[in-house]
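# Overview (structure and organization)
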Amino acid sequence: MKRNILTQLWSHRLLLPLLLLTGLSISALITVLRGTVVLSDVTYGLSLTGKHYAAFGAILLNFLIYFRFRKLYGYSLAITILAGIFSLLVFPYKDSVIGIEGNWLSMMIQPSALIAGVLAGLLSIIRFVCKVPGLLN
């Protein structure tokens, strides 16, 4: 019985990055439902932005694509993660970004989406290694 559950979970391991983004979005929704935040004796009212709503839509679309059109899921997840990394979609409540600056390039990235992207990349590598016979020998 335990082996069957683990086998089922392993077969849907590519959903993990999407579940991470879903959890971040749900935490943003809970934060807004609480109403206000007090920082330094100042009370702020909370609301979601269009980027949050776009992230909710992207998550729902990715779940639909995963269960209906599985071959397109990798592409849709990659587009969603890239849109999140470059702050076109915001998954957590606070749009926290990290700036990377060079001589001729400055870029702002969202760490939560970057973590989901790294997780998706690692899972893809594991999937590739498991499918190629004799690669680990």
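Structure: see above.
The following refers to the structure shown. In this text, all values refer to a predicted model and were calculated from it rather than measured experimentally.

## Quick notes on the layout of surface pockets
Here the largest pocket is characterised by a volume of approximately 390 Å³. The wall of the largest pocket is formed by 16 residues, among which Leu-14, Arg-70, Tyr-73, Gly-74 and Arg-127 lie closest to the centre. Within the residue set of the lining of the largest pocket, elements represented by two or more residues are helix 4 (73-85) and helix 5 (111-131). For the lining of the largest pocket, the leading source of residues is helix 4, giving six residues. Classifying every residue of the lining of the largest pocket gives eight nonpolar, three polar and five charged.

## Remarks on the packing of helix 2 (residues 16-34) against helix 4
Direction vectors running N to C along helix 2 and helix 4 enclose 40°, while the axes themselves pass 11 Å from each other. Judged by the inter-axis angle, helix 2 sits oblique to helix 4. Relative to helix 4, the crossing made by helix 2 is left-handed. Between helix 2, through Pro-17, Leu-18 and Leu-21, and helix 4, the contact on the second element is made entirely by Tyr-73, Leu-77 and Ile-81.

## Let's talk about the environment of Ala-54
Its location among the elements puts Ala-54 in helix 3 (residues 50-68). Look at Ala-54 and you get partly exposed, because its relative accessible area is 35%. The sequence separation of Ala-54 and Phe-91 amounts to 37 residues, and the corresponding C-alpha distance is 9.2 Å.

Cut-offs applied
- Residues numbered from 1 in each chain as written.
- Predicted model: local features only at pLDDT ≥ 70, side-chain atom pairs only at ≥ 80, totals over all residues.
- Heavy atoms only, no water.
- 1 Å grid on protein atoms, 1.4 Å probe; cavity = no way out; pocket = protein on both sides within 12 Å on 5 of 7 lines; lining within 4 Å.
- Points joined across faces, edges and corners; volume = space filled by probe spheres on them.
- Helix = DSSP H or I, 4+ residues; strand = E, 2+ residues; numbered from the N terminus.
- Nonpolar A, V, L, I, M, F, W, Y, C, P; charged D, E, K, R; others polar.
- Axes fitted to C-alpha atoms, helices over the stretch in contact; angles between N-to-C directions.
- Parallel < 35°, antiparallel > 145°, perpendicular 65-115°, else oblique.
- Left-handed = near helix turned anticlockwise from the far one by under 90°.
- Contact = heavy atoms within 4.5 Å.
- Buried < 20%, exposed > 50% of the residue type's maximum accessible area, 1.4 Å probe, protein only.

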